[in-house]
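# Coordinate analysis (summary)
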Amino acid sequence: MRRPGIPRPTPVTPFATLLVGALLLTAGTACSSAPPTTPAPAPPRLSPDDVIRAATQRLTDDCLTRHGLTPPRPGRSEPVGAQRTRVAEAMFGAGRTELSLRLPTGHVVRAHTDGCLAEAQRRLYGDQGRWFRTSTIVNNLAPEAAHTDRTLAEVRADRRTELTEWRRLRARALTEATSLIGSTNPPPPKGNTAQ
C-alpha cells in the first residue's frame, strides 16, 4: 500500500545509469580549469646487473674524485698523456698484479688489489679475491666447454661449487648496491644469469 505524498521511485534503466555516469565524468573534467593529470610513469625497473653496475660506477667515481681525477664519461674528451695514465692506474691499479688465475683454456687472467675498481669490489662483494676467482671461472664456462670438448651443461655440473659461490657473492653485491644507490625497485634475481 502506497502512502500519500511520497513519490513513487522511477525505475532505473541501464541507459539512464550510463547517461548519469557519463554526465558525472564529463562534469568533473569540464568544470576544472586545470588539465587532467596523468600519473607520472614509473621509473624503469633496474635489473640486478644494472643495480650492481650503477653502484660500482658510483663507488669508482667517488674514489677517482678523492684522487683529484675526473671520472671518464662517454662524450667527454679523454685525458691525454700522463693524465690518462693517472686515471687508468687510479681506476685499475698499478704495478705488479696481485691476483692471477690460469683457466683450463691456458689463458691467464690477472687483476690488481689496489685501485678504485678493486675498492668497489671489496665493498660490494665483501672479498675481492674470492669474487675475482669465482667470476673469472663462471664467466669462462663456455670457452672451457669448447676447449675441453664438453657441453656447457657438463662443465656447469663440474663447476657447481663455483656457481653456488658466484650466486652467493652476487646476492651480497646486489644487497649492498641496492642499499648504496637507494633503489627499492630492482627485481629479485631469477634463476642463474651466469654462463
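What comes next is a walk through the structure.

Basis of the calculations
Residues numbered from 1 in each chain as written. Predicted model: local features only at pLDDT ≥ 70, side-chain atom pairs only at ≥ 80, totals over all residues. Heavy atoms only, no water. Pairing = 2+ DSSP bridges. Helix = DSSP H or I, 4+ residues; strand = E, 2+ residues; numbered from the N terminus. Core = buried A, V, L, I, M, F, W, Y, C linked by side-chain atoms within 4.5 Å. Buried < 20%, exposed > 50% of the residue type's maximum accessible area, 1.4 Å probe, protein only. Contact = heavy atoms within 4.5 Å.

It is worth spelling out the pairing of strand β2 (residues 108-111) at this point. A regular strand carries its side chains on alternate faces of the sheet. Across four bridges, the pairing between strand β1 (residues 99-102) and β2 is antiparallel. Along β2, the bridge assignment pairs L101 with V109. In sequence, β1 turns back onto β2 through a hairpin of five residues, with G106 there showing a positive phi of about 100 degrees.

Within the largest apolar cluster, 24 residues are counted, with the highest numbers of intra-cluster contacts made by I52, L124, Y125 and A177. Taken together, the elements giving at least two residues each to this core come down to α2 (48-66), β1, α4 (116-125), α5 (128-138), α6 (141-147) and α8 (160-181). When residues of this core are assigned to their parent elements, the largest contribution, six residues, is made by α8. Every residue in contact with I52, bar those within four places of it in the chain, is listed here: L124, Y125, R170, A173, L174 and A177.

C116, A118, A120, Q121, L124 and Y125 are the residues of α4 that are buried. Tucked inside the fold, the buried residues of α4 contact α2, α3 (81-92), α5 and α8. Once α4 finishes, G126 follows within two positions and takes phi at roughly 90 degrees, a positive value.

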